[in-house]
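# Per-entry structural report
Each chain, letter by letter, is given below.
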Amino acid sequence: MQMQLDFEQPKQLARVLGKTAGVIVEFFGTLSVGQEFHADDLRQYVAARLTVAPGSPDRVMRELRRTGEVSYEVISRARSLYRKG
């Protein structure tokens with residue numbers, strides 16, 4: 001079962017990425033460098049524009065950071081608090 005999930009993950013991420021990446025980049029454009037935000041702020045911004053699963057914006061944001069399209073640091077994982085880089 002885990003092997004199947006690992007195989008599906010890139011396909012699912014690509015599908016969700018296509019829908020939400022632009023909106024997440026747009027959200028980052030509303031923030032100043034050094035400005036803190038919570039994951040809920042991102043989720044609400046995306047949800048106001050698209051219908052996606054609640055965890056999708058978080059996953060796509062991490063992927064966009066990995067590819068260098070957005071920059072942020074984790075301030076508090078427990079509080080889902082981030083700072084735009």
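Preceding this section is the structure that the text describes.
Source: prediction; values computed, not measured.

### Section: the packing of aromatic side chains
Describing an aromatic ring pair means giving the distance of the ring centres and the angle of the ring planes. Across all of its chains, the model carries seven aromatic pairs by this definition. Measuring from centroid to centroid gives 5.9 Å for Phe-27 and Phe-28, while their planes differ by 85°, and the two rings are edge-to-face. Using a relative accessible area of 5% as the deciding quantity, one classes Phe-27 as buried. Centre to centre, the rings of Phe-28 and Tyr-72 are 6.1 Å apart; their planes meet at 45°, and the pair counts as tilted. With a gap of 44 residues between them, Phe-28 in helix α1 (residues 2-29) and Tyr-72 in strand β2 (residues 72-76) connect regions that are remote in the sequence.

### A word on the sheet that holds strand β1 (residues 36-38)
Read from one edge of the open sheet, three strands run β1-β3-β2, paired in antiparallel fashion. Across the chains shown, the open sheet's two edge strands, defined by having one partner strand only, are β1 and β2. Within the sheet, the average angular offset between the axes of one strand and its neighbour, ignoring direction, is 35°. Lying on the sheet, helix α2 (residues 39-47) is in contact with β1 and β3 (81-84); it crosses β1 at an angle near 70°. Here helix α3 (residues 56-66) sits on the sheet and contacts β1, β2 and β3; the angle it forms with β2, its principal contact strand, is near 130°.

The rules behind the values
- Residues numbered from 1 in each chain as written.
- Predicted model: local features only at pLDDT ≥ 70, side-chain atom pairs only at ≥ 80, totals over all residues.
- Heavy atoms only, no water.
- Phe/Tyr/Trp six-rings, centres within 6.5 Å; stacked < 30°, edge-to-face > 60°.
- Buried < 20%, exposed > 50% of the residue type's maximum accessible area, 1.4 Å probe, protein only.
- Helix = DSSP H or I, 4+ residues; strand = E, 2+ residues; numbered from the N terminus.
- Pairing = 2+ DSSP bridges.
- Axes fitted to C-alpha atoms, helices over the stretch in contact; angles between N-to-C directions.
- Contact = heavy atoms within 4.5 Å.

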